[in-house]
Amino acid sequence: MTTDFKFSNAQLLKRLGIICILSLMVIYVVLIVYPLFNMVISSVKPTREILKHPFSLPEKPDFSSYKKVWIDMGFSTFFVNSIIVTAVSMGLVLLFGSMASYGISRYSFKGNTLLYMIFLSGIMLPLKAAIIPLFMLIKKLGLMDNFLSVILIFTAMGIPSTIFILSGFFKSIPLDLEYAARIDGCSDFGIYARIMMPVIAPGIALVTIYNSVPIWNDFFFPLVFLHSRKLKTLPVGLSTFFGQHSTNWTLLFTGLTVAILPMLIMYIFMSKYFIKGMTAGAVK
């Protein structure tokens, strides 16, 4: 049975239902978009005007705060640090997570299910709860104040969810495709890299957005393991904009505006595959 959502041919009761649904969707979009819009316009207003008229448009837009934040406040360093940490962490998550997913979902061996459940248990165990032994381990390895410490932690956090998501995509690929590649002389790694990975592109996009946003926004682990100012990531760097007795809200809103751009751009370019990944298997 299919549902007809065409407004012109709908009966009165159905039209009212469509109007209610569309109204709720518009309200939801406004609730999501307006805070972001207010953040952007606040970045070009002086602090006094922000406190006096927090929801009004700027009387005289001033973009000098962007130069001050990027150069004078060292925001460019925080930005580059976050790019490095997020990119390397996601590269490792996709590499090891996809390989483990491929092995678990396409090969049958003793302990296959047990290994899969062990990986999935990582989703239920928050690393923040084990911060003390984790801190001692990182210190013994000599990785304190080193990008590698948070990169390894973020990789360990992202692999369980990656295996959970990508295993479903790998299992949905017909075995005939793999058999045809083997007949043509393709090796196991060749099948994984040249055949399987392009086919599960929607799953890769889903995993990338699902994991990169928490890594980009994480405040806790960089605060604990990265102490030098030159190694601080964006969330930790933004906390330095808060003064002991006062806060320059213009600079803070400017920093927040710049901080959301990479994730926003990534989602715009990957949204097509992301939506395909979210709806995979929903329609038969």
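Preceding this paragraph is the structure being described.
Residues numbered from 1 in each chain as written. Predicted model: local features only at pLDDT ≥ 70, side-chain atom pairs only at ≥ 80, totals over all residues. Heavy atoms only, no water.

S.K.: I tried to follow unusual backbone geometry on my own but got confused; where do I start?
M.R.: Negative phi characterises most residues that are not glycine, and trans characterises most peptide bonds. Unlike most non-glycine residues, Asp145 shows phi in positive territory, near 60°. When you line up the elements, Asp145 lands in the loop between helix H6 (131-140) and helix H7 (147-171). By relative accessible area, which is 28% here, Asp145 ends up partly exposed. (Helix = DSSP H or I, 4+ residues; strand = E, 2+ residues; numbered from the N terminus. Buried < 20%, exposed > 50% of the residue type's maximum accessible area, 1.4 Å probe, protein only.)

S.K.: Can you walk me through the side chain of Asn38 in this structure?
M.R.: Residue position: Asn38 is located in helix H1 (residues 12-42). Relative accessible area serves as the criterion here: at 13%, Asn38 is assigned to the buried category. Not counting residues within four places of it along the chain, the set of residues in contact with Asn38 comprises Pro54 and Phe55. (Contact = heavy atoms within 4.5 Å.)

S.K.: Where do I start with a nonpolar patch on the surface in this structure?
M.R.: Residues Val26, Tyr28, Val29, Val30, Ile32, Val33, Tyr34, Phe37, Phe55 and Leu57 make up a contiguous nonpolar surface patch of roughly 1,000 Å² in combined accessible area. Within the fold, Phe37 resides in helix H1. (Patch = residues over 30% accessible without salt bridge, like charges linked within 9 Å, V, L, I, M, F, W, Y side chains within 5 Å. Areas by Shrake-Rupley, 256 points an atom, 1.4 Å probe, with all protein chains shown as cover. Salt bridge = Lys/Arg side-chain N within 4 Å of Asp/Glu carboxyl O.)

S.K.: How should I be thinking about helix H5 (residues 112-124) in this particular structure?
M.R.: Along an α-helix, residues three or four apart share an orientation, since each turn contains 3.6 residues. For H5, the complete set of buried residues consists of Asn112, Tyr116 and Leu120. An end-on view of H5 places all buried positions within 55° of arc, on one side of the element. Of the residues in H5, the exposed ones pointing more than 90 degrees away from the buried face are Leu114, Ile118 and Met124. Against helix H4 (75-106) and H7 lie the buried residues of H5. (Arc of directions from axis to C-beta.)

S.K.: Even after reading the chapter, I still don't get the environment of Leu127, so can you show me in this structure?
M.R.: With respect to the helices and strands, the residue Leu127 is situated in the loop between H5 and H6. Judged by relative accessible area, which is 27%, Leu127 ranks as partly exposed. Separated by 26 residues in sequence, Leu127 and Ile153 have C-alpha atoms that sit 8.2 Å apart. The contact partners of Leu127, leaving out residues within four places of it in the chain, are Leu134, Ile153, Ala156, Met157 and Phe221.

S.K.: Looking at this structure, how should I read helix H9 (residues 188-199)?
M.R.: For H9, with 12 residues, the first-to-last C-alpha span of 16 Å sits near the 16 Å given by 1.5 Å per residue. When H9 is considered as a whole, its buried residues turn out to be Gly190, Ile191, Tyr192 and Met196. Tucked into the core, H9 has its buried residues touching H4, H7 and helix H8 (175-183). (Expected span 1.5 Å × (residues − 1).)

S.K.: Help me understand the pattern of salt bridges in this model?
M.R.: This structure, assessed with the given rule, holds four salt bridges. Residue Arg106 pairs with Glu178 through a salt bridge whose shortest N-O separation is 3.0 Å. Placement of Arg106 in helix H4 and of Glu178 in helix H8 is noted, with a sequence separation of 72 residues between them. Here Arg106 and Glu178 have matching classes, each one buried. A cluster of three or more residues bridged by salt bridges with shared partners is formed by Arg106, Glu178, Arg182 and Asp188.

S.K.: For this particular structure, what's the right way to read the packing of aromatic side chains?
M.R.: Aromatic rings in a pair are described by how distant their centres are and how their planes are angled relative to each other. Per the counting criterion, the structure on display carries 15 aromatic pairs. The interplanar angle of 65° and the centroid separation of 5.6 Å between the aromatic rings of Tyr102 and Phe170 together place this pair among those described as edge-to-face. Here Tyr102 is found in helix H4, whereas its partner Phe170 is found in helix H7, with 68 residues between them in sequence. Side by side, Tyr102 and Phe170 carry an identical accessibility label, which is buried. Centroid distance Phe135 to Phe225: 6.1 Å. Interplanar angle 25°. Geometry classified as stacked. A residue pair is termed long-range when its members are at least 10 positions apart, and Phe135 in helix H6 and Phe225 in helix H11 (residues 220-225) qualify at 90 residues. Here Phe135 falls in the partly exposed class, since its relative accessible area comes to 28%. Of the residues examined, Phe225 reaches a relative accessible area of 0% and is grouped as buried. (Phe/Tyr/Trp six-rings, centres within 6.5 Å; stacked < 30°, edge-to-face > 60°.)

S.K.: It is not clear to me how the nonpolar core should be interpreted in this structure. Could you clarify?
M.R.: Burial of nonpolar side chains together is a common tendency in soluble globular proteins. Counting 33 residues, the largest nonpolar core has Val85, Val150, Phe170, Ile200, Phe221 and Phe225 as its most contacted members. For this core, the secondary-structure elements that each account for two or more residues are H4, H6, H7, H9, helix H10 (201-217) and H11. Sort the elements by how many residues they give to this core and H7 lands first, with nine residues. When sequence neighbours within four positions are dropped, the list of residues in contact with Val150 reads Val85, Phe221, Pro222, Phe225 and Leu226. Trp216, Val258, Met263 and Met266 belong to the second largest nonpolar core, which has 15 residues in total. (Core = buried A, V, L, I, M, F, W, Y, C linked by side-chain atoms within 4.5 Å.)

The values are spatial; any link to function lies outside them.
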